[in-house]
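# Residue-level structural notes
The residues making up each chain are set out below.
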Amino acid sequence: MALQCGIVGLPNVGKSTLFNCLSNAKAQAANFPFCTIEPNVGVITVPDNRLNKLAELVHPGRIVPTTVEIVDIAGLVKGASKGEGLGNKFLANIRETDAIIHVLRCFDDDNVTHVDGSVDPVRDKEIIDAELQLKDLETIESRIQRVQKQAQTGGDKTAKQTYEVLLRFKSALEQGKSARTVTFDTKEEQKIAHDLFLLTTKPVLYVCNVDEASAASGNAYVEQVREAVKEENAEILVVAAKIESEIAELETYDERQMFLEEIGLEESGVSRLIKSAYSLLDLETFFTAGEMEVKAWTYHKGWKAPQCAGVIHTDFEKGFIRAEVIKYDDYIAYGSEAAVREAGKLNVEGKDYVVEDGDIMHFRFNV
């Protein structure tokens, strides 16, 4: 399952610096707008200590973590919804992502110019929100024109439902609210809403990019952002991208941890960001463990065993018979699959089993 998050923000807020922390791909980080013209894409590992602990017990030929794609998208400016700056390219690139990592500048630095002349993260957030909302409103109004007559005069139930969904989105967007604030009760409405692929329905993680001194505790700018997004049910992460990029260059894990501890952090902003992005999309991890490999697999929370089998291969889902499941804590406690079996802690589950985060799975299937 390929997960893709887009890093967005105004020019010179630290997007490319953050991207450089996250990925081995080095985007150009320069003190002028639009230095990232084509989206840079980096594939990064989702940190999970459980994978390493399983590998210590199994001694596999290889360890395969799950990954996330991060896309560094060109800086947006006011008027992007009408094609200003690199607006059209920005909007096209963001439409393809699963979630948005919205970077806000929460630091003062006279050497790094701000595109609007002053540091104000709430204003910056509102500029991007407004541009995305305007583009969504344009999409909605275009769709309304196509279905309105059919919905009002014909007997097409789907057209009527679509029209009602469009009107609800239109009302919210005209009030300056993002489409994600609109909720639908029925599965039919939810599917119609999903298939519109609106920009502002995507889940958002706000990353407050601070200076080194504010890395552990945040600052006044961060508090302004917290206040501004308190009703959005959005997650906020505080990251000092500049210092994190320096930490990422260190050779060993011990050196990186020592540096983090010096600035008051237990875990890098990179690890926290990846985990937050994973959680943002309601994703969890199951494992397969054998002599050839120990591997992490991504699935949506609430999925049943056959769906998770399909993550490995579509044939596994089509021909699903049963799943042998070991809980992670049991595997660690007993030390091997054989010991787990002997203790009676291996469960055989059918098609209705809802997979839990950390399950070690072995699927039986017949095609």
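Our subject is the structure listed above.
The rules behind each value
Residues numbered from 1 in each chain as written. Predicted model: local features only at pLDDT ≥ 70, side-chain atom pairs only at ≥ 80, totals over all residues. Heavy atoms only, no water. Core = buried A, V, L, I, M, F, W, Y, C linked by side-chain atoms within 4.5 Å. Buried < 20%, exposed > 50% of the residue type's maximum accessible area, 1.4 Å probe, protein only. Contact = heavy atoms within 4.5 Å. Salt bridge = Lys/Arg side-chain N within 4 Å of Asp/Glu carboxyl O. Helix = DSSP H or I, 4+ residues; strand = E, 2+ residues; numbered from the N terminus. Phe/Tyr/Trp six-rings, centres within 6.5 Å; stacked < 30°, edge-to-face > 60°.

Core analysis: the biggest nonpolar cluster contains 58 residues, and Leu-18, Leu-22 and Ile-70 have the highest contact counts within it. When sequence neighbours within four positions are dropped, the list of residues in contact with Ile-70 reads Cys-5, Ile-7, Phe-19, Leu-22, Asn-40, Val-41, Gly-42, Ile-44 and Ile-101.

As a further point, take the pattern of salt bridges. Using the criterion set out here, one finds 18 salt bridges in the structure. Notably, a salt bridge pairs Lys-125 with Asp-129, separated by 2.4 Å at the nearest N-O pair. Of the two residues, Lys-125 and Asp-129 both sit in helix H4 (residues 121-153), 4 residues apart, roughly one turn of that helix. A salt bridge links Arg-226 to Glu-223, with the shortest nitrogen-to-oxygen separation between them at 3.5 Å. You can see Arg-226 and its partner Glu-223 sitting in helix H7 (residues 220-229), 3 residues apart, about one turn around the helix. Residue classification places Arg-226 among the partly exposed residues on the basis of a relative accessible area of 37%. One network of salt bridges, in which partners are shared, links Glu-324, Glu-337, Arg-341 and Arg-364.

Inspection of the entire model under this criterion finds 6 aromatic pairs. For the ring pair Phe-169 and Phe-184, a centre distance of 5.3 Å and an interplane angle of 75 degrees mean the geometry is edge-to-face. Of this pair, Phe-169 sits in helix H5 (residues 157-174) while Phe-184 sits in the loop between H5 and helix H6 (187-194), and the two are 15 residues apart along the sequence. Accessibility assignment for this pair places Phe-169 and Phe-184 in one class, buried. On the numbers, 5.9 Å between centres and 50 degrees between planes, the contact of Phe-286 with Tyr-299 is tilted. Linking Phe-286 in strand E8 (residues 283-289) with Tyr-299 in strand E9 (residues 293-300), this pair joins segments that are 13 residues apart in sequence. By relative accessible area, which is 0% here, Phe-286 ends up buried.

The values are spatial; any link to function lies outside them.
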